[in-house]
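What the coordinates show
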Amino acid sequence: MMSGPAPGPLLTVTSGPAPGPLLTVTPSRALVDEKFEVVVRELRSGQGVTLHALHQSEDGDFWEAFGHYVSDAQGTVTAAEHASVGGSYLGIEPMGLLWSMRPVPGSRPGLRLRKRDVCSPMLVHLSVHRGHVSQGFREATPLACAVAERWYLAPGVRRVEANQNGVKGTFFLPPGPGPFPGVLDMWGGGGGLVEYRSALLASHGFVSLAMEYLPLNKPLGTPGALTISYFENAFRIVQEHPLVATDRVALFGLSLGATVSIALASYSRVARPVCCVCVNGGHVQPPDASVEDAVDEISRRAAKIEVDENNHLIWRKLVLPIPEDPSRIMRVEKITCPMMLVVGLDDQNWAAPECAQDMERIMKDAGKGDLLTVLSYPETGHLIEPPYTPHFRSSNFIVQHTREKVILLWGGQPKPHADAQEDSWRKILQFLQLHLHQRHGAVTQSKL
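This report concerns the structure included in the present document. (Residues numbered from 1 in each chain as written. Predicted model: local features only at pLDDT ≥ 70, side-chain atom pairs only at ≥ 80, totals over all residues. Heavy atoms only, no water.)

1. Observations concerning the environment of Ala-154
If you trace the backbone, Ala-154 turns up in the loop between strand E9 (144-151) and strand E10 (158-164). When the C-alpha positions of Ala-154 and Ala-30 are compared, they lie 8.4 Å apart, and in sequence the two are 124 residues distant. Contact partners of Ala-154, with chain neighbours within four places excluded, come to Leu-31 and Ser-203. (Helix = DSSP H or I, 4+ residues; strand = E, 2+ residues; numbered from the N terminus. Contact = heavy atoms within 4.5 Å.)

Shown next as structure tokens:
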């Protein structure tokens, strides 16, 4: 019998070192009001890790959030299913890595995170770290990383600057031929052009004009210029836009912008909104008052301003008690359109809860209680914004009439405020859809 060559040593096949943990975020690109799912795989069973989120603002400041987790029997951590046992948020919070963001230690005081360039995404750098850590993230080597893009502008939405008949702002136009419902979007007394809410509204199918009506870091203009006729002009500009259905235009205001919206709905025969959304505003203002008058009134009531233990200014008592004199409040019983009031019950900047309660009483007495929808949120502050926006209990503010830089106390607590932002935004969109879409059986042609 012939035999072959003597066998050599056995060949050992190896696959290299075991793969490390894998961090995924799904979807990695989404609108800011969409949830994402953050998952870490390939951990050891029962391994303690820290999920960390880091964002650098357009001003160059760093914001972070982090949660402490323990992996399950499969070596997995899923933020939507597993509880954070420590960090900047606790419990099962799928979006805690966003809404609990705060400036990194050593940052400038009084910061507020706001997107200026809505044509670029908010980039959030996610990482997973070994053990439960609370500091030193930027110096540490993470086990795995991922990046999430958060957009205010959906694909196809156009941004068009507006400067017409003295009205300045920015139009955001949904993709398609239209006609679309329109929204006049007004922010508060901080001034400047704030675009991100309008961009998000357009991403949900509304032509939105982000209106600039108070100058940023400049004195107010000609006294009496910002009367109701100025805002009626802005309303007409939205109404007459070629992509807007002329009989489907709404008002959306926050703070001073909400007060302007209430005034238009109460008095204007030109601006006839189909519906209004008012976030933490009020009706305490003489019927013929201009915006400049309202700003001046704050300076005249300066003795009512309080400060907290951190020397942050509390403005909520400026209009309290609610006047009983009808000449000092708006005639809200004249409102004829559905109105949604979004109210933070811990608003430390304005007496929004008291104003909402008084408006509700007046409208019920006038037989118009069915027009009013009030969303009230405990432990929620003044700045109720789109969901997953970080909570700001206080931040820097330039007082219009003095140009003084102060820190205002807005109020609210992070978790309840975050819940209120998520719940109210969903209900606001439903409210706008109901009154601007579903109650109009026929499509109205836009002007062209």
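Further notes follow.
2. Here we look at the pattern of salt bridges
If you walk through the whole model with that rule in mind, you get 20 salt bridges. The salt bridge involving Arg-197 is made with Asp-185; its shortest N-O contact spans 2.5 Å. With Arg-197 in helix H2 (residues 196-203) and Asp-185 in strand E12 (residues 180-186), this pair connects stretches of sequence that are 12 residues apart. Both residues of the pair, Arg-197 and Asp-185, belong to the buried class. For Arg-361, the salt bridge goes to Asp-358, with nearest N and O atoms at 2.8 Å. (Salt bridge = Lys/Arg side-chain N within 4 Å of Asp/Glu carboxyl O. Buried < 20%, exposed > 50% of the residue type's maximum accessible area, 1.4 Å probe, protein only.)

3. Quick notes on the packing of aromatic side chains
Here the structure, examined in full by the defined rule, presents nine aromatic pairs. When the centroid spacing of 5.3 Å and the interplanar angle of 50° are considered together, the rings of Tyr-152 and Tyr-196 count as tilted. Remark: Tyr-196 occurs in helix H2 and Tyr-152 occurs in the loop between E9 and E10; sequence separation between them is 44 residues. Judged by relative accessible area, Tyr-196 falls into the buried class, the value being 1%. Residue placement shows Arg-114 over the ring face of Trp-187; its charged tip is 5.2 Å from the ring centre. (Phe/Tyr/Trp six-rings, centres within 6.5 Å; stacked < 30°, edge-to-face > 60°. Lys NZ or Arg CZ within 6 Å of the ring centre and 35° of its normal.)

4. Considering the sheet that holds strand E6 (residues 77-78)
Note: strands within a sheet are paired through backbone hydrogen bonds, in either parallel or antiparallel orientation. Spatially, the three strands line up as an open sheet ordered E1-E3-E6, and their pairing is antiparallel. In this open sheet, the two edge strands, each paired with only one partner strand, are strand E1 (22-26) and E6. Across five bridges, E1 lies against strand E3 (residues 37-41) in antiparallel orientation. Looking across to E3, one finds that Thr-26 is bridged to Glu-37. (Pairing = 2+ DSSP bridges.)

5. Observations regarding helix H4 (residues 256-267)
At 3.6 residues per turn, the α-helix brings residues three or four places apart onto the same side. Its 12 residues place the ends of H4 17 Å apart at the C-alpha level, agreeing with the 16 Å of an ideal helix rising 1.5 Å per residue. Counting buried positions along H4 yields 11 of 12 residues, so the element is predominantly enclosed. Turning to H4, its buried residues number three or more, namely Leu-256, Gly-257, Ala-258, Thr-259, Val-260, Ser-261, Ile-262, Ala-263, Leu-264, Ala-265 and Ser-266. (Expected span 1.5 Å × (residues − 1).)

6. A few points about the side chain of Ser-203
Of note, Ser-203 is situated in helix H2. For Ser-203, the side chain forms a polar contact with the main-chain nitrogen of Ala-154, separated by 2.9 Å. A polar contact is formed between the side chain of Ser-203 and the backbone oxygen of Ala-199, at a distance of 2.9 Å. (Polar contact = N/O pair within 3.5 Å; in protein donor to acceptor, adjacent residues only side chain to side chain.)

7. A look at empty space enclosed by the protein
Empty space among the atoms becomes visible once a probe the size of a water molecule is rolled across them. What the rule picks out here adds up to three cavities of 30 Å³ or more. The volume enclosed by the largest cavity comes to roughly 210 Å³. Lining the largest cavity are 16 residues, with Leu-113, Met-122, Tyr-152, Thr-389 and Pro-390 positioned closest to its centre. Per-class residue counts for the lining of the largest cavity are nine nonpolar, three polar and four charged. Counted as a void, the second largest cavity has a volume near 60 Å³. (1 Å grid on protein atoms, 1.4 Å probe; cavity = no way out; pocket = protein on both sides within 12 Å on 5 of 7 lines; lining within 4 Å. Points joined across faces, edges and corners; volume = space filled by probe spheres on them. Nonpolar A, V, L, I, M, F, W, Y, C, P; charged D, E, K, R; others polar.)

8. Details of the environment of Val-238
Of note, Val-238 is situated in helix H3 (residues 228-239). As for Val-238 and Val-183, which are separated by 55 residues in sequence, their C-alpha atoms are 7.3 Å apart. Ignoring sequence-local partners within four residues, the contact set of Val-238 consists of Phe-171, Gly-182, Val-183, Leu-184, Leu-209, Val-244 and Val-249.

9. A short note on unusual backbone geometry
Here the bond from Thr-26 into Pro-27 is cis, since omega is -10°, no more than 30 degrees from zero. In this structure, Pro-27 sits in the loop between E1 and strand E2 (29-31). With phi around 65°, Asn-311 is a residue other than glycine that occupies positive phi space. Summarising the element assignment, Asn-311 is placed in the loop between strand E16 (306-307) and strand E17 (313-314). Its identity is not glycine, yet Glu-379 carries a phi of approximately 55°, on the positive side. Topologically, Glu-379 is positioned in the loop between strand E19 (372-377) and strand E20 (394-398).

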